[in-house]
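Single-letter residue listing:
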Amino acid sequence: MRELSVTESVPEDVVALVRDARRVVVLSGAGISAESGVPTFREVQRGLWERFSAEELATPDAFDNDPALVWTWYRWRQSLIDAVEPNAGHRCLAAWQEHLSAQHGWLAVVTQNVDDLHERAGAEVLGHLHGSLAAHRCADCGEPAELPAPRYDGFTAPPTPEDPPGCESCPDGVLRPDVVWFGEMLPAPAFDAAAAAIRAADLVVVVGTSGIVQPAASLPLLGLERGIPLIEINPEETGLTEVMDFAIRGRSGEVLPRLLS
Ligand SMILES: CC(C)NC(=O)[C@H](Cc1c[nH]c2ccccc12)NC(=O)[C@H](CCCC/N=C(/NCCC(=O)O)S[C@H]1O[C@H](COP(=O)(O)OP(=O)(O)OC[C@H]2O[C@@H](n3cnc4c(N)ncnc43)[C@H](O)[C@@H]2O)[C@@H](O)[C@H]1O)NC(=O)OCc1ccccc1
Ligand SMILES: [Zn+2]
């Protein structure tokens, strides 16, 4: 594995790898949204939630124990996402995707993020492995439900929690965000599509993820098995660095424009 810093000019062989790739899978995490002002998963507890770790809040038990606390956390996070814009990293991936499809190639965006910043940057997302903040379903009967955007301003944590709305399809159900909580299975269609894309790819780029949360963090290993090049873009070392061919140390909003210019 070769580690490169963003200050260095991107070596010709990495530029060639990116230029010549035709079937690319990008696996993204919270880091790609950091430059948009979205706190990464490890930083998203403020106010009401600061005494909890994200792993504690993002669980069925936490929702059962205190549905209002967890429900409000998700509505607040959604309002934060609604208040920010995609950054150069998101936009670069959308442009690269468009470029490759014009060349009869493809770029598949697979994300762990529950935000819609890839889509708002114009990219098509193959799969949200951990669901989406903007989608909701009944915690009992599973019926999907449409909800208006949250009324928070996204930056100041709401003072008091609000109860989740009741389900209109069953007597006692309440709504929950359509995200994957710890201990819950990932949506098989998204995970299987991601695995299939990596099995067909000629390059995998892992952007802004600590590479800790499973089974998402195992997806790049499918590329390793096939011997295709793996590139990591992250200011810091991650749980996946050791299996990478190249690790470019830098912020994705700065590295991707340079890599793709
Ligand atoms: C903590 C971890 C060890 N735990 C797990 O992995 C668990 C348990 C587990 C399963 N298998 C295992 C094997 C070994 C050990 C543990 C497990 N996995 C699960 O529970 C999964 C479900 C996991 C999904 C949980 N939901 C999320 N999100 C949705 C909710 C919500 O968002 O609220 S995970 C959530 O956290 C993860 C956060 O990780 P990152 O995105 O990487 O973000 P992080 O903050 O960690 O790091 C940011 C990175 O960005 C970098 N960065 C910062 N700025 C920038 C910048 N500017 N540019 C580039 N990079 C940048 C930083 O350096 C850093 O590296 C994301 O995946 C995110 O989606 N379910 C399941 O396994 O079910 C089983 C099962 C099996 C059978 C039957 C029933 C069940
Ligand atoms: Zn219901």
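Report on the accompanying structure. (Residues numbered from 1 in each chain as written. Chains lettered and ligands numbered in written order. Predicted model: local features only at pLDDT ≥ 70, side-chain atom pairs only at ≥ 80, totals over all residues. Heavy atoms only, no water.)

With respect to the coordination of the zinc ion (ligand 2)
Working reference: metal with six octahedral donors, ideal angles 90 or 180 degrees; metal with four tetrahedral donors, ideal angle 109.5 degrees.
Line of reasoning, step 1. Bound to the zinc ion (ligand 2) on the protein side are Cys138 (SG), Cys141 (SG), Cys167 (SG) and Cys170 (SG), at distances that span 2.3 to 2.4 Å.
Line of reasoning, step 2. For the zinc ion (ligand 2), the four donor atoms in the first shell make angles of 105 to 118° at the metal, so the coordination geometry reads as tetrahedral.
Line of reasoning, step 3. Expressed as a motif, the donor residue spacing for the zinc ion (ligand 2) is C-x2-C-x25-C-x2-C. For the pair cysteine 167 and cysteine 170, one class covers both residues: buried. (Donors = N, O, S within 2.8 Å, 3.2 Å for Na, K, Ca; no water. Tetrahedral: all angles 85-135°; square planar, octahedral: opposite > 155°, others 65-115°. Buried < 20%, exposed > 50% of the residue type's maximum accessible area, 1.4 Å probe, protein only.)

Brief notes about the pairing of strand β7 (residues 175-179)
Line of reasoning, step 1. Of all five residues in β7, four are buried; the element is thus mostly enclosed.
Line of reasoning, step 2. Here five bridges tie strand β5 (residues 131-138) to β7, and the two strands are oriented antiparallel to one another. Pairing of arginine 137 across the sheet is with arginine 176, part of β7. (Helix = DSSP H or I, 4+ residues; strand = E, 2+ residues; numbered from the N terminus. Pairing = 2+ DSSP bridges.)

Notes on the pattern of salt bridges
Line of reasoning, step 1. Under the counting rule described, the total for this entry stands at nine salt bridges.
Line of reasoning, step 2. A salt bridge links aspartate 202 to arginine 23; its shortest N-O distance comes to 3.9 Å. On the criterion of sequence distance, the pair formed by aspartate 202 in the loop between α8 (188-200) and β8 (203-207) and arginine 23 in strand β2 (residues 23-28) is long-range, its members being 179 residues apart.
Line of reasoning, step 3. Taking the relative accessible area as the measure of exposure, arginine 23 reaches 34% and is therefore partly exposed.
Line of reasoning, step 4. In the salt-bridge network here, residues are joined through shared partners; they are Glu12, Arg19 and Asp20. (Salt bridge = Lys/Arg side-chain N within 4 Å of Asp/Glu carboxyl O.)

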